[in-house]
Amino acid sequence: MLEFDNVSKSFWTGSHRKVILDRVSFRVELGHSLGVLAPNGTGKTTLINMMAGLEKPDEGEIRRGCNISFPLGFMGGITNKHSAVENSRYIARIYGLDPDYVEAFCRWLCGLGEYFDRPVATYSSGMRSRFSFALLLALDFDIYLIDEGMPGANDVEFNRRAGAVLQDRLESTTIVIVSHNPRTLAKYVREAAVLRDGQLHLFDTLEEARALYDYKG
Ligand SMILES: Nc1ncnc2c1ncn2[C@@H]1O[C@H](COP(=O)(O)OP(=O)(O)OP(=O)(O)O)[C@@H](O)[C@H]1O
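Just so it is clear, the model here is predicted, and its values are computed rather than measured.

> I keep staring at the pairing of strand S9 (residues 199-203) and nothing clicks. Help me out?
Look at any regular strand and the pattern is simple: side chains alternate between the two faces of the sheet. Strand direction decides the pairing type here: strand S8 (residues 191-196) and S9, joined by five bridges, are antiparallel. Bridge assignment links Ala193 to a residue of S9, and that residue is Leu202. The hairpin turn running from S8 into S9, its antiparallel successor, is two residues long, and Asp197 in that turn takes a positive phi close to 50°.

So, in structure tokens, the structure goes:
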């Protein structure tokens, strides 16, 4: 379970206060993946970072009753001077997993070829995305946090493999995915919420959430 209890968050932009959440309460139960629809700039990344514990609320409490991932694309634990081999084995040990398994899984999924043995500093942004996505899926979490869907990788084969792994993972785990695009959410979730004017409006179906999201009133 992941629970927000009366959580508020805002930023001072220099000219005004940008409210992301205004006394928002909700729960994500295991087995109920959630999609959050929000236009760009309204606080998708801030919301996901708060779920992950990377950003603190101004007020209220965030309770985590299970293992929650770092956000997809977060490179915080990866060091540039080391290769994907070294990074994946190191992170496997931190999470108490078999380094051989994590290395082999990442090597297979991200398809970086010989670059897998070279420093991450030499990777393109697409290669980094592929590696961080593979690493996220190699680790065991109850809830996976995903900001804007799949990484921006143009590699068709990677997208096919990673999409299949993610679909498969959905059978046994829970994801929270935030996006400005309802079509991105439709691939992964049935339940959805809309982040709007500092409030999170929850719906049983993506269609209902979409109706509010598209409403310009
Ligand atoms: N540390 C910060 N200090 C000041 N303002 C911030 C900070 N972090 C985010 N903001 C502002 O809060 C708003 C929401 O930012 P956030 O990155 O969470 O939105 P987003 O929906 O993920 O945006 P995008 O889709 O453009 O990535 C933006 O207006 C941003 O400028």
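And the narrative resumes.
> Got a minute to help me understand the site of the ligand in this structure?
With respect to spatial proximity, the complete set of residues near the ligand consists of Phe11, Thr13, Lys18, Ile20, Ala38, Asn40, Gly41, Thr42, Gly43, Lys44, Thr45 and Thr46. Elements supplying a minimum of two residues to the shell around the ligand: strand S2 (17-28) and helix H1 (44-52). The greatest single-element share of the shell around the ligand, amounting to three residues, is contributed by H1. Considered class by class, the residues forming the shell around the ligand number three nonpolar, seven polar and two charged.

> Quick question: what am I supposed to make of the sheet that holds strand S1 (residues 2-12) here?
Whether parallel or antiparallel, the strands of a sheet pair through hydrogen bonds between backbone atoms. Spatial strand order, S2-S1-S4: three strands in an open sheet with antiparallel pairing. Each end of this open sheet is capped by a strand with a single partner; those strands are S2 and strand S4 (59-64). Averaged over all pairs of adjacent strands, the angle between their axes in this sheet comes to 25°, without regard to strand direction. Where S1 lies against S4, five bridges are found, and the strand directions are antiparallel. Opposite Ser8, over in S4, you have Glu59 as the bridge partner. Against the sheet, H1 makes contact with S1, S2 and S4, and its axis sits at roughly 130° relative to S1, the strand it touches most.

> Explain helix H4 (residues 125-138) to me, please; I cannot follow it from the model alone.
Each turn of an α-helix holds 3.6 residues, which means side chains three or four residues apart point in the same direction. With 14 residues, H4 extends 20 Å between its outermost C-alpha atoms, agreeing within 8% with the 20 Å of an ideal straight helix rising 1.5 Å per residue. Taken together, the buried positions of H4 are Met127, Arg128, Ser129, Arg130, Phe131, Ser132, Phe133, Ala134, Leu135, Leu136, Leu137 and Ala138. Where H4 is buried, its residues contact strand S5 (68-71), helix H2 (84-94), helix H3 (99-110), strand S6 (143-147) and helix H5 (156-170).

> What is the right way to read the environment of Arg183 from this model?
Within the secondary structure, Arg183 is located in helix H6 (residues 182-186). Judged by C-beta crowding, with 10 C-beta atoms within 10 Å, Arg183 ranks as exposed.

> Can you help me understand unusual backbone geometry in this one?
Most peptide bonds take the trans configuration, and most residues that are not glycine carry a negative phi. Despite not being glycine, Arg23 has its phi angle at roughly 50°, a positive value. In this structure, Arg23 sits in strand S2. The class for Arg23 is partly exposed, based on 13 C-beta atoms found within 10 Å.

> Is there a simple way to explain the nonpolar core in this structure?
A general trend in soluble globular proteins is that nonpolar side chains are found buried together. Counting 60 residues, the largest nonpolar core has Met51, Cys106, Phe131, Ala134 and Leu145 as its most contacted members. Of all the elements, H4 adds the most residues to this core, at eight residues. Beyond its immediate sequence surroundings of up to four residues, Met51 is in contact with Leu2, Ile68, Leu145 and Val176.

What counts, and at which threshold
- Residues numbered from 1 in each chain as written.
- Predicted model: local features only at pLDDT ≥ 70, side-chain atom pairs only at ≥ 80, totals over all residues.
- Pairing = 2+ DSSP bridges.
- Helix = DSSP H or I, 4+ residues; strand = E, 2+ residues; numbered from the N terminus.
- Near = placed C-beta within 6 Å.
- Nonpolar A, V, L, I, M, F, W, Y, C, P; charged D, E, K, R; others polar.
- Axes fitted to C-alpha atoms, helices over the stretch in contact; angles between N-to-C directions.
- Contact = placed C-beta atoms within 7 Å.
- Expected span 1.5 Å × (residues − 1).
- Buried ≥ 20, exposed ≤ 12 C-beta atoms within 10 Å, placed from the backbone.
- Core = buried A, V, L, I, M, F, W, Y, C linked by C-beta atoms within 7 Å.

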